[in-house]
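Spelled out from the first residue to the last, the chains are:
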Amino acid sequence: MNIFSCSETTTNTGSENENQTEIAKATTVFPHKLPEEKPDFPMSAATERMFSYPAPRAQDNDLYTLFKYTRLKGFDYNNGDGTITRRDPSRPIYVDGKYYIWYTKRDTKFVPIGAKRAKEATDEIPSTDWDLSDIWYATSADGITWEEQGVAVSRPAKPNQGWRSVATPDILVWEGKYYLYYQAFNEPSGLRGDWCPISMSYADSPNGPWKAGGNEMIPLGKKGEWDQDQTQDPHPIVYKGKIYMYYKAAYNKWVDKWNTYAVGHGVAIADSPFGPFKKHPLNPVMQSGHETTYFPYKEGVATLVLKDGNERETIQYAKDGVNFEVASSVSLPPIAAAPFVPDAFTNTKYGKGITWGMCHFTNAGTPKQRYSILARFDCDLSLDYDEPFFK
Ligand code: AAL
């Protein structure tokens, strides 16, 4: 069939007349052998778009993958009664023959009552799954069987920043030292949305001890700015010789108007782990997704865009770490993905990508006993991979 002489499939350029002219010009039959270059004749929007992808088959696109999930061994959840949660893991790092991860751990007498009832939260009753939490760490030889080592950073005494909950950590290795960035709450999440800025603790060894290194590392935006209520999900990489800290802020979280809720990501750049982190003038650099997952890839940065927004379930790439474009769309991506990124902190000029990491599954348990579990994901987003196992 000559698809370009069919009136319904040609580009609509506006007026009836222009449209007729376009249709009249569209007489070339699209060839059976796919052209390598974009042809110079009128095409439908979908056919035009086809030439902006690296290959016709998604499977041949380096930034396409399927995901496989593995249940972890070694973590106890009180038989799933909802009183223990582990979620929002950091990226694993490999030190002295072991992988290390840090994560939010809530171990409370009661189960969370939910953000909408945050006013009823007490010192023992959490509002959300990440309220009344501390940052714990675990080690593993293979990324599947983990040994929980204990608390890395606990909630400081009231009224210090983070007294209510510390959660959602990620790690930076910089000049031989370790820096944990995490959300620090001074109120039960849900009271004013999910209000919190980011604090930092640092140590000479991944085993600690961790010293308080600063609060409001990425200050909240001024009233009216997109990140006025929260700077969350800190996710540092070393890029162009500097610390690029990607972070998240949600618009209108829990105002109960879901048509105005959205998630944006920004990047703030620093020369030292202690800051100051300077927000990029083009923030937000991403307007879809939820938790942050950014890794050096080729000369730029790639990101897994999850959960929220029109571009949810895509992998995107920015040659400059700032201006992201959709590279592929994926199915069942990991939530709160925290990949093992061997070159996250090496200031690589050509990022190699990722093959596995940690993630979480929320809403385990019954509706009244909700909690989250950590899991491992495997994927094929690495340039080093000779034998793709999913293609
Ligand atoms: C997430 C993250 C942040 C939010 C909450 C806990 O998965 O985006 O950490 O505050 O949900």
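Conventions adopted
Residues numbered from 1 in each chain as written. Predicted model: local features only at pLDDT ≥ 70, side-chain atom pairs only at ≥ 80, totals over all residues. Heavy atoms only, no water. Core = buried A, V, L, I, M, F, W, Y, C linked by side-chain atoms within 4.5 Å. Buried < 20%, exposed > 50% of the residue type's maximum accessible area, 1.4 Å probe, protein only. Helix = DSSP H or I, 4+ residues; strand = E, 2+ residues; numbered from the N terminus. Contact = heavy atoms within 4.5 Å. 1 Å grid on protein atoms, 1.4 Å probe; cavity = no way out; pocket = protein on both sides within 12 Å on 5 of 7 lines; lining within 4 Å. Points joined across faces, edges and corners; volume = space filled by probe spheres on them. Pairing = 2+ DSSP bridges. Nonpolar A, V, L, I, M, F, W, Y, C, P; charged D, E, K, R; others polar. Axes fitted to C-alpha atoms, helices over the stretch in contact; angles between N-to-C directions. Near = heavy atom within 4 Å. Polar contact = N/O pair within 3.5 Å; in protein donor to acceptor, adjacent residues only side chain to side chain. Areas by Shrake-Rupley, 256 points an atom, 1.4 Å probe, with all protein chains shown as cover. Phe/Tyr/Trp six-rings, centres within 6.5 Å; stacked < 30°, edge-to-face > 60°.

Caption draft 1: Here's a closer look at the nonpolar core. Counting 55 residues, the largest nonpolar core has Trp102, Tyr181, Trp210 and Phe277 as the members making the most contacts within it. When residues in this core are grouped by element, the largest group, five residues, is from strand β8 (residues 177-185). Those residues in contact with Trp210 that lie beyond four places of it in its chain are Trp102, Ala152, Val153, Ile171, Tyr178, Tyr179, Leu180, Ser201, Tyr202, Ala203 and Ser205. Counting 16 residues, the second largest nonpolar core, distinct from the first, contains Phe340, Trp356, Ala364 and Tyr371.

Caption draft 2: Seen up close, empty space enclosed by the protein. Evaluation of the coordinates by the stated rule reveals one cavity of 30 Å³ or more. Its boundaries defined by the atoms lining it, the largest cavity holds a volume of some 110 Å³. In terms of lining residues, the largest cavity is bounded by 13 residues, among which Pro89, Thr168, Asp170, Asp233 and Thr292 are the most central. Those elements giving two or more residues to the lining of the largest cavity turn out to be β7 (165-174) and β11 (232-239).

Caption draft 3: Representation of the sheet that holds strand β12 (residues 242-251). The strand order β11-β12-β13-β14 describes an open sheet built from four strands, whose pairing is antiparallel. On the outer flanks of this sheet lie β11 and β14 (278-279), each paired with one strand and no other. Where β11 lies against β12, six bridges are found, and the strand directions are antiparallel. Residue pairing for β12: Ile237 is matched across the bridge by Tyr244.

Caption draft 4: Summary view of the layout of surface pockets. Of the voids in this model, the largest pocket is the one considered here, and its volume is about 760 Å³. Across the lining of the largest pocket, the residue classes tally to nine nonpolar, ten polar and twelve charged.

Caption draft 5: Structural context of the sheet that holds β8. Read across the sheet, four strands follow the order β7-β8-β9-β10 without closing on themselves; strand pairing throughout is antiparallel. Strands at the two margins of the open sheet, each flanked by one partner only, are β7 and β10 (211-214). Between one strand axis and the next, the sheet turns through 30 degrees on average, direction left out of account. Both strand β9 (residues 198-203) and β10 contribute to a ladder of three bridges, which runs antiparallel. Residue pairing across strands places Tyr202 opposite Lys211, the latter belonging to β10.

Caption draft 6: The arrangement of the site of the ligand in detail. Around the ligand, the structure places Arg87, Asp88, Trp130, Thr168, Gln183, Asp194, Gln232, Asp233, Lys248, His290, Glu291 and His360. Within the side chain of Asp88, a nitrogen or oxygen atom sits 2.9 Å from an oxygen atom of the ligand. Within the side chain of Asp233, an N or O atom sits 2.7 Å from an oxygen atom of the ligand. Burial of the ligand by the protein chains amounts to 98% of its free accessible area of 280 Å².

Caption draft 7: Summary view of the environment of Gln161. Its location among the elements puts Gln161 in the loop between β6 (146-153) and β7. A residue is classified by how much of its surface remains accessible, and Gln161, at 16% relative accessible area, is buried. When near neighbours in sequence (up to four residues on either side) are disregarded, Gln161 contacts Pro156, Ala184, Asn186, Trp195, Pro197, Ser199, Asn215 and Glu216. Of the polar contacts made by the side chain of Gln161, one reaches the backbone oxygen of Ala184; its length is 2.9 Å. A polar atom in the side chain of Gln161 sits 3.5 Å from the side chain of Asn186.

Caption draft 8: Structural view of the pairing of strand β20 (residues 351-364). Taken across its 14 residues, β20 has ten buried, putting it largely inside the fold. The pairing of strand β15 (residues 294-298) with β20 spans two bridges and is classified as antiparallel. Directly across from Lys298, in β20, lies its bridge partner Gly351. Pairing analysis gives two bridges linking strand β19 (residues 338-339) to β20, with the strands arranged antiparallel. Along β20, the bridge assignment pairs Ala338 with Met358. In this sheet, strand β21 (residues 371-382) lies alongside β20 in antiparallel orientation, the contact comprising nine bridges. Of the residues in β21, the one forming a bridge with His360 is Leu374.

Caption draft 9: Spotlight on the packing of aromatic side chains. Enumeration according to the criterion identifies 23 aromatic pairs in this entry. Between Phe75 and Tyr103, the aromatic rings sit 5.7 Å apart at their centres with planes inclined by 75 degrees, giving edge-to-face as the arrangement. Within this pair, whereas Phe75 is found in the loop between β1 (68-71) and β2 (84-87), its partner Tyr103 is found in strand β4 (residues 98-107), the two being separated by 28 residues in sequence. With respect to burial, Phe75 and Tyr103 carry one shared label: buried. One aromatic cluster is present, built from ring pairs that chain together Tyr94, Tyr99, Phe340 and Trp356.

Caption draft 10: The side chain of Gln183, seen in detail. You can see Gln183 is positioned in strand β8. The exposure class of Gln183 is buried, given its relative accessible area of 2%. At 3.0 Å, the side chain of Gln183 forms a polar contact with the backbone nitrogen of Asp233. If sequence neighbours within four positions are ignored, Gln183 has contacts with Ser165, Val166, Ala167, Thr168, Cys196, Pro197, Gln232 and Asp233.

Caption draft 11: Expanded view of unusual backbone geometry. Omega for the peptide link from Gly208 to Pro209 comes to 0 degrees, which places this bond in the cis form. Its place among the elements puts Pro209 in the loop between β9 and β10. Put simply, Gly275 and Pro276 share a cis peptide bond, and its omega is 0 degrees. Notably, Asp233 is not glycine yet its phi reads approximately 50 degrees, a positive angle. Residue position: Asp233 is located in strand β11.

Honestly, that's just the spatial picture; any functional story needs more than this.
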